[in-house]
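# A closer look at the structure
Letter by letter, the chains look like this.
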Amino acid sequence: MAVSLRAIRNIRFSSFLYRALSSSLSSGADLKSSAFFGHSKSLPLRAEPKDRNVQWVFLGCPGVGKGTYASRLSNLLGVPHIATGDLVREELNSSGPLASQLEEVVNQGQLVSDEIIINLLSKRLEAGEAKGESGFILDGFPRTIRQAEILEGVTDIDLVVNLKLQEEALLAKCLGRRICSECGGNYNVASIDIKGENGKPGMYMAPLLPPPHCASKLIQRSDDTEEVVKERLRVYNEMSRPVEEFYRQRGKLLEFTLPGGIPESWPKLLQALNLEDPEVKQSAAA
Ligand code: AMP
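Everything quoted here is computed from the prediction, not taken from an experiment.

Here is what the cut-offs are and how they apply
- Residues numbered from 1 in each chain as written.
- Predicted model: local features only at pLDDT ≥ 70, side-chain atom pairs only at ≥ 80, totals over all residues.
- Heavy atoms only, no water.
- Helix = DSSP H or I, 4+ residues; strand = E, 2+ residues; numbered from the N terminus.
- Buried < 20%, exposed > 50% of the residue type's maximum accessible area, 1.4 Å probe, protein only.
- Contact = heavy atoms within 4.5 Å.
- Areas by Shrake-Rupley, 256 points an atom, 1.4 Å probe, with all protein chains shown as cover.
- Pairing = 2+ DSSP bridges.
- Axes fitted to C-alpha atoms, helices over the stretch in contact; angles between N-to-C directions.
- Phe/Tyr/Trp six-rings, centres within 6.5 Å; stacked < 30°, edge-to-face > 60°.
- Lys NZ or Arg CZ within 6 Å of the ring centre and 35° of its normal.
- Core = buried A, V, L, I, M, F, W, Y, C linked by side-chain atoms within 4.5 Å.
- 1 Å grid on protein atoms, 1.4 Å probe; cavity = no way out; pocket = protein on both sides within 12 Å on 5 of 7 lines; lining within 4 Å.
- Points joined across faces, edges and corners; volume = space filled by probe spheres on them.
- Near = heavy atom within 4 Å.
- Polar contact = N/O pair within 3.5 Å; in protein donor to acceptor, adjacent residues only side chain to side chain.
- Nonpolar A, V, L, I, M, F, W, Y, C, P; charged D, E, K, R; others polar.

Time to look at the overall build of the chain. The number of helices and strands found in the chain is 12 helices and 10 strands. Per-residue burial for the chain yields a buried fraction of 47% across its 286 residues. Across the chain, the fraction of contacts at a sequence separation of at least 24, relative to all contacts at a separation of at least 6, is 73%. Counting only carbon and sulfur atoms, one obtains 53% of the accessible surface of the chain, whose full area is about 14600 Å².

In structure tokens:
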């Protein structure tokens, strides 16, 4: 009985988030206006964190590994991993009306407009709701203060994980990224070896090579070129860095500096989040 009550609450909550995000589009541009927030706050549908699954956000520069760790946590916690970059790529690979416009913006390393992103995210949440999903780990959203304000206005984010990595590694990781065109698996051919100097620790990240059945099907993202990655890093510092401060001020930010590749970082991240992965436990005990 308790389970079904919880499920109903989750569905109602998810509907609310979808409607509220969508209404942010139709309510006009000024999302700080009391019309928008007044409307959303008057709906008595906010679920308490204990009654629903986690609602987390992953922040961090391009190439830091948001997708890798958000997807691992999504499997562990049984919540969807929603990457707005994936939603954008799906749309630009479609024959939809936005495809060519999005392709141009993405390939220049710029941000897609808040309106388009909110629209894509709202549709994704609605589709998830129809499948009975609850909770989420957002990856790549919010990326502007305006997106953060919209999200904060419609739901309670429990935790924001800010992933950090030495700057020298970010460009190399983007350039080494490969994706299997068949299964979508993410790999990295870069071998990163940063020497420690002047008190700064060194870091080694082994390549994450594909299994043999993916090896011949690897592709690179069209925005993972040196010039575009540098622009994406610049845009992150200008538009998205302030989002870190937005959540820091609200006491929601967990800063996590990746100590190396997945074998070193995953157990430490779990520890920081107070979580346990049965597979990590097993291999430690073996
Ligand atoms: P990502 O896969 O997260 O690196 O995103 C790829 C590209 O999609 C970005 O460089 C942006 O052009 C676009 N994008 C993804 N998420 C957002 C967002 N929240 N706001 C604006 N543009 C976005």
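Further remarks concern the sheet that holds strand β6 (residues 186–188). Strand order in the open sheet formed by 3 strands is β6-β5-β9, and the pairing between neighbours is antiparallel. In this open sheet, the two strands that pair with only one neighbour each are β6 and β9 (218–219). The pairing of strand β5 (residues 177–180) with β9 spans 2 bridges and is antiparallel. Counterpart to C180 in the pairing with β9 is L218. With respect to the sheet, helix α8 (residues 167–176) is in contact with β5 and β6, its orientation differing from that of β5 by roughly 30 degrees.

To describe a pair of aromatic rings, one takes the distance between the centres and the angle between the planes. Per the counting criterion, the structure on display carries 2 aromatic pairs. With centroids separated by 5.1 Å and ring planes inclined at 85 degrees, the aromatic side chains of F246 and Y247 adopt a geometry described as edge-to-face. Over the aromatic face of W266 sits the side chain of R72, whose NZ or CZ is 5.3 Å from the ring centroid.

Here the focus is the nonpolar core. In terms of nonpolar packing, the biggest core is built from 61 residues, with L73 and Y247 touching the most fellow members. If we ignore the near neighbours within four places in the chain, the residues touching L73 are W56, F58, G78, I137, W266, L269, L270, L273 and L275.

Counted according to the given criterion, the structure contains 2 cavities of 30 Å³ or more. There is about 60 Å³ of room inside the second largest cavity. In terms of lining residues, the second largest cavity is bounded by F58, L59, G60, K66, G140, F141, P142, R143, Y236 and S240. Within the residue set of the lining of the second largest cavity, elements represented by two or more residues are β1 (55–59) and α10 (226–249).

Around the ligand, a shell composed of 15 residues is seen, among which T84, R89, Q110, G140 and Q147 lie nearest. Q110 has a polar backbone atom sitting 2.6 Å from an oxygen atom of the ligand. About the coverage of the ligand: the protein hides 95% of its 480 Å² of free accessible area. In terms of residue count, the dominant contributor to the shell around the ligand is helix α4 (residues 84–92) (4 residues). Across the shell around the ligand, the residue classes tally to 6 nonpolar, 5 polar and 4 charged.

In space, the 5 strands of this open sheet follow the order β2-β3-β1-β4-β10, with parallel pairing throughout. Here the strands that pair on one side only, and so sit at the sheet edges, are β2 (81–83) and β10 (253–257). Averaged over neighbouring strand pairs, the angle between their axes works out to 20 degrees when direction is ignored. The pairing of strand β4 (residues 159–164) with β10 spans 5 bridges and is parallel.

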